[in-house]
Structures are given as C-alpha cells and as structure tokens.
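Each chain, letter by letter, is given below.
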Amino acid sequence: MLDTAIIKQLEDIVGSGNVLTKKADLVTYSYDATADMPSQLPDVVVMPATTAAVQKIVLLAKEKSLAIYPRGAGTNLSGGTIPLKKGIVLSFQKMDKILEVDPENLTATVQAGVVIQALSDAVAPYGLIYPPDPGTVTTATMGGSVAECAGGLRGLKYGVTKHYIMGMEVVLASGEIFRFGGKTVKNVTAYDFASLFVGSEGTLGIITEIIAKLIPPPKFRKAMLASFKRLEDAGNTVTGIIKAYVIPATLEIMDKMTIQTVENYAKVGLPTDAEAVLLIEVDGGAQQLVDSEAEAVLKVIKENNGEVKIAQSDAERDQLWAARRAALPALAQLSPTTVLEDATVPRNRITEMLVAVQKIAAKYQLKIGTFGHAGDGNLHPTILADARNKEEMERVHQAVDEIFAAALKLGGTLSGEHGIGMAKMKYLKSELGESGLNLMRRVKEALDPDYMLNPAKMVPVKG
Ligand SMILES: Cc1cc2nc3c(=O)[nH]c(=O)nc-3n(C[C@H](O)[C@H](O)[C@H](O)COP(=O)(O)OP(=O)(O)OC[C@H]3O[C@@H](n4cnc5c(N)ncnc54)[C@H](O)[C@@H]3O)c2cc1C
C-alpha cells in the first residue's frame, strides 16, 4: 500500500477520478496479453491527460523512489507492461488526442494514447494512410506501438513503425521534457533519437507526443490465397517471390493447424486439407504494374506446386485478411495457455525455420500452430498448452529454448516485432553477447540511472 500522502499528491496532479487504488481496478493492470507470465498488482494506476502532468508524476516517482510502468492498451506479447516492482502504472488512455493532420507535409501529430485505427480514420478523409498495421490496430496505441516498434501485415513493402516516426516528445527519467525531430523529411541534427526511443519498450523515456509520417495509399491491389500440400513448398514460394524481385505488400503464412482452427472459428472457406496457405497481396500505382507483379507471383506459386484463388472483390479480399487476423484469437480458443513467439530469420531460411518448428513440436509432443509474416521471415509459432500442467509447461519451455536457438543458428533474431519485455530477457545474451548486454546497461543507466522506468524489462541488471 502506498502512503496516502502520495496518493493525494497524485490526485492533485491528475484529479481524483484519474487515480485508481481499489484492488478490483488494479487487477486489470497486473497482466497484459502475454501468456505464461507472473502477474503483479501495481500500487496505483494514474491516467494523466497532459505532458505537464506526466512530468509531475515522474518527478514525484523519482522523489519517492517508485517504479513507473507506461501502459498503452496492454496488448504486447512480451510481458512489457507487467508492473513487476509495483509502483505506478502510467496509463495513456486519457492522452488520446489527434493534435494535427498536416496534408502538406504528410504528417500527423498525436498524443501517445491515440489508438492506431483512430489515427487511420482521421487521416483517411485526406486520402492518406499510416501504414504500420499490427494485428491489434483497433486497440493498440501509438505510444505502445512506437515503444515496441510494432510491425504487422504490411512490413514487407511498407516497413515497420520505425520507418514512420519523424519526431517525438519524451519525458525523461530526470523529469526533463525533450522534443526532437519534426516535419522535415531530412534531419541529421544530433544523434538519431527517434531510433533510440522507437523500440525502447518504455525503459528509456516516456513518450507523450509523436509526429508520424503518412503516405498516399496504393491505387490498385490484387489479393490471392495459395494453398500447398507440403509446408516446404510454401516456404520455397516465399523465397522464390522475393528472388523474383517482387515485393508484395503482404505475404503471410498459416500452417495446417492454424488453417483448420481459423476455418472452424471464422468459416471463410480456407482449404482445410492443405499443409499451408500463403495470403498474398500485391499493390501499386498502376494496374499494369500490379497485374505483372501478380503474374510473377502466380508463376512462382505454380513452380512450387501451389493452387491459387484470386480474390474477385474487395469483400473477398477483406475476408482473407479477416481470416489472417483471426489466427491468434482462433488458436487461443483451443487451450488455456497460448505461448506465442516471434523468432525471425532471413527470408531465404524460412523453409528451414518452418521445418525446425515442426521437428521441435514432434520432439516435445506439443501442439504448435505456426502463422506469421512469412515475407519478413517473421514466424509466430504458437504453442497450445495449459499452464496448470507443470510437466507440459516444462516441455513448452524447452521447445521455446530450441525455437530461439534454431532462429539464431539460421542467422535470425529473437524478436521481429514483439520485443524483449520480461519474456525474452534471458535469451538476450545468446544474441548480443556480454559486450552487447553491457552496452544495453550503459545506455539505460545514462538515461535512467535508478532503473525507474519499466524496471526488470529488456535490460537485465548485472549479477
Ligand atoms: C492478437 C494480437 C495480435 C498482434 N499482432 C501484432 C502484429 O501483427 N505485429 C506486432 O508488431 N505486434 C502485434 N501484437 C503485439 C501488440 O499489439 C503490439 O506490440 C502493440 O503495438 C502494443 O501496443 P499497446 O498500446 O497495447 O502497448 P502496451 O502493450 O500497453 O505497451 C507495450 C510496451 O510499450 C511501453 N509503452 C506503452 N506506452 C508507452 C509510452 N507512451 N511511452 C513509453 N513506453 C510506452 C510499455 O511499457 C510496454 O513496454 C499483437 C498482439 C495481439 C494480442
């Protein structure tokens, strides 16, 4: 329990209706979307509406040695928002203002709590889009997705969050407010602070405002579903499409277990006898270009023994993407605990990674449904288990160890888009080495010497 004097000070900053201390409220903030993680009640949840309020909260937390856990929608998949050391959960739900859409500079300025879809809706009347597109666009916040450098379905052609962040306002652990970047397309003044804060998972500073880059949408597009009798053929098709120098907007994979589960859940007409499907969309500014890219893709699919169904209408296309977005919720229905990973490999090693995951599933006698952003080499092997079954969870943990080891052996990385949080901290050394860990600590300690911001996440404390 926090001293009532501190609660009173927080109420003075944000108003009493924006401070939560009842257990029933705190429980909601004790966990996030990540499975197989410990939960922890915070001491208090605070919902500021302005940067000035965030600054005051940081200064108070610093004075009282309280941890601060920034939280958007809590949809992250790495335990990033669990308040392990108690203290303050800083919720951004009241900082949800779109401050400006600037169609001349193709930018939007938003508060960190704006939901990604709300930004997309606000820029649509200007004929613009914000391309980063995680599966949670309708719930995840701009602040959370910037802090995670979220990827999503359009990463292959349009890039990920870091490619769309031009400037920010950040409250540092010292309490200073720091603004950097802006609306200029070019900016090499000082260090590249956007790169430092994007993907920093709330450990280096609290993001309060974001200047995002917008683009005009492609005018033409063609979506298709390719099904395969062998998983290897699907993997080779992914590599083949890239090798043909076609960069689809979206190139997603679902394996047999995922296809069957999604079909059972969403009834969209997926081929339940296929070993794998690819969902592919090509787009561009000219119909002829889109047609020729689609032709090239069809050729690669045929060479790899695939069968294709082309979406004949926008409704059919939307159905395909609805099916893909249903993958995780559908798999999650099958078992109480859904352990989802996002190991990522170079695109030409995707077949080897798919086969490795299959072998690991057989070795540990686990159900693993694999789907993901195949064109980015970013797979989401999803282990279906029950956390109450200790023996099974032991096998799950061994399988996860092997999935990461396989990705690193193939020249890949621990996380393509879900971040490290607390879930993957123990694996960091295997990718970065001791010198990398030391560098992480030095960066953290330069900005947050007391480990006040999102402590026990991303950066392992020495010893
Ligand atoms: C069904 C499902 C599908 C998903 N699909 C994708 C996908 O396709 N691609 C993808 O990349 N991710 C995906 N995710 C993961 C998740 O949606 C994204 O990481 C999302 O961007 C997190 O946003 P959020 O607002 O929920 O952040 P939160 O979960 O609240 O926070 C995420 C991290 O950011 C920090 N943070 C939050 N706000 C701030 C702030 N203002 N300042 C500083 N730090 C802050 C938190 O401390 C935490 O470390 C998916 C998750 C689910 C459950």
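Residues numbered from 1 in each chain as written. Predicted model: local features only at pLDDT ≥ 70, side-chain atom pairs only at ≥ 80, totals over all residues. Heavy atoms only, no water.

Check the secondary structure of the protein and you find 15 helices and 16 strands. Relative to the 2.2 N^0.38 estimate, which gives 23 Å for 463 residues, the radius of gyration of the protein is 22 Å and therefore close to what a compact globule would have. Principal-axis analysis of the C-alpha atoms places the extent of the protein at approximately 70 × 60 × 40 Å. A total of 463 residues make up the protein; the buried ones form 56% of that total. Accessible surface for the protein amounts to roughly 20000 Å². Of this, 53% is attributable to carbon and sulfur atoms. The centroid of the 49 positive side-chain charges in the protein is displaced by 2 Å from the centroid of its 53 negative side-chain charges. (Helix = DSSP H or I, 4+ residues; strand = E, 2+ residues; numbered from the N terminus. Rg over C-alpha atoms; globule rule 2.2 N^0.38 Å. Buried < 20%, exposed > 50% of the residue type's maximum accessible area, 1.4 Å probe, protein only. Areas by Shrake-Rupley, 256 points an atom, 1.4 Å probe, with all protein chains shown as cover. Lys, Arg positive; Asp, Glu negative; His and termini not counted. Charge placed at Lys NZ, Arg CZ, Asp CG, Glu CD.)

It is worth spelling out the environment of Asp133 at this point. If you trace the backbone, Asp133 turns up in the loop between helix 4 (116-123) and helix 5 (142-148). Each C-alpha atom, one on Asp133 and one on Thr161, is 8.7 Å from the other, the two residues being 28 residues apart in sequence. Every residue in contact with Asp133, bar those within four places of it in the chain, is listed here: Gly151, Gly152, Leu153, Arg154 and Arg325. (Contact = heavy atoms within 4.5 Å.)

This next bit is on the sheet that holds strand 4 (residues 88-91). Ordered in space as 1-2-4-3, the four strands form an open sheet in which the pairing is mixed. The open sheet has two free edges, formed respectively by strand 1 (19-20) and strand 3 (68-71), since each of these has just one partner strand. Of the strands in this sheet, strand 2 (44-46), strand 3 and strand 4 touch helix 3 (residues 51-64), which is tilted by about 170 degrees from strand 4. (Pairing = 2+ DSSP bridges. Axes fitted to C-alpha atoms, helices over the stretch in contact; angles between N-to-C directions.)

Interface size is commonly expressed as the accessible surface area that is lost when the partners come together. The domain boundaries assigned to the protein delineate domain 1 (4-91), domain 2 (98-213), domain 3 (218-333) and domain 4 (335-417 + 424-449). Taken together, the contacts link ten residues of domain 2 with 13 residues of domain 3. Taking both partners together, domain 2 and domain 3 bury about 890 Å²; carbon and sulfur atoms supply 56% of that area. Looking at the side of domain 2 facing domain 3, the largest losses of area belong to Leu153, Leu156 and Lys157, adding up to 69% of the total buried there. Viewed at the interface, domain 3 and domain 2 are joined by two salt bridges. Across the contact surface, domain 2 and domain 3 share four residue pairs in polar contact (both at pLDDT 80 or more). Its residues assigned to classes, the side of domain 2 that touches domain 3 comprises six nonpolar, one polar and three charged. (Domains from an automatic or database assignment. Buried area = accessible area lost by both parts, 1.4 Å probe. Salt bridge = Lys/Arg side-chain N within 4 Å of Asp/Glu carboxyl O. Polar contact = N/O pair within 3.5 Å; in protein donor to acceptor, adjacent residues only side chain to side chain. Nonpolar A, V, L, I, M, F, W, Y, C, P; charged D, E, K, R; others polar.)

Where a protein is soluble and globular, its nonpolar side chains tend to be buried together. Leu278, Ile280, Val297, Met353, Ile383 and Val396 are the most contacted members of the largest nonpolar core, which has 57 residues in total. Here this core gets eight residues from one element, more than from any other, and that element is helix 14 (residues 390-409). In this structure, this core is formed jointly by two domains, domain 3 (218-333) and domain 4 (335-417 + 424-449), each of which donates at least three residues. Not counting chain neighbours up to four residues away, the residues in contact with Leu278 comprise Met224, Leu225, Ala226, Phe228, Ala234, Thr237, Val238, Leu251, Glu252 and Ile253. Within the second largest apolar cluster, 34 residues are counted, among which are Ala140, Val146, Ala194 and Phe197. (Core = buried A, V, L, I, M, F, W, Y, C linked by side-chain atoms within 4.5 Å.)

Right, let's get into unusual backbone geometry. We note that Leu106 has phi near 55 degrees; this positive angle belongs to a residue other than glycine. Relative to the elements of secondary structure, Leu106 occurs in the loop between strand 5 (98-102) and strand 6 (107-111). You will see that Gln365, though not glycine, has its phi angle at about 50 degrees, which is positive. The residue Gln365 is located in the loop between helix 13 (350-363) and strand 15 (367-373) in this model. Residue classification places Gln365 among the exposed residues on the basis of a relative accessible area of 65%.

Lining the immediate surroundings of the ligand are 36 residues, of which Pro70, Gly72, Thr75, Thr136 and Thr141 lie closest. In this structure, Ile207 approaches the ligand through a main-chain N or O atom, which is 2.9 Å from a nitrogen atom. For the ligand, whose unbound accessible area comes to 980 Å², protein coverage reaches 94%. Only strand 3, helix 5 and strand 9 (206-213) provide two or more residues apiece to the shell around the ligand. Looking at the shell around the ligand element by element, the count peaks at five residues for helix 5. A class-by-class count of the residues in the shell around the ligand yields 13 nonpolar, 19 polar and four charged. Residue contributions to the shell around the ligand reach at least three from each of two domains, namely domain 1 (4-91) and domain 2 (98-213). (Near = heavy atom within 4 Å.)

All right, on to the sheet that holds strand 11 (residues 250-255) then. Pairing in this open sheet of seven strands is antiparallel, and the strands run 13-10-12-11-15-16-14 from one edge to the other. Edge positions in the sheet fall to strand 13 (307-310) and strand 14 (337-340), since each has one partner strand and no second. Adjacent strand axes in the sheet meet at a mean angle of 20 degrees, parallel and antiparallel pairs treated alike. With two bridges connecting them, strand 11 and strand 15 associate as antiparallel partners. If you follow Met254 over to strand 15, its bridge partner there is Phe371. Of the strands in this sheet, strand 11, strand 12 (276-284), strand 15 and strand 16 (378-385) are in contact with helix 9 (residues 256-266), which crosses strand 11 at around 90 degrees.

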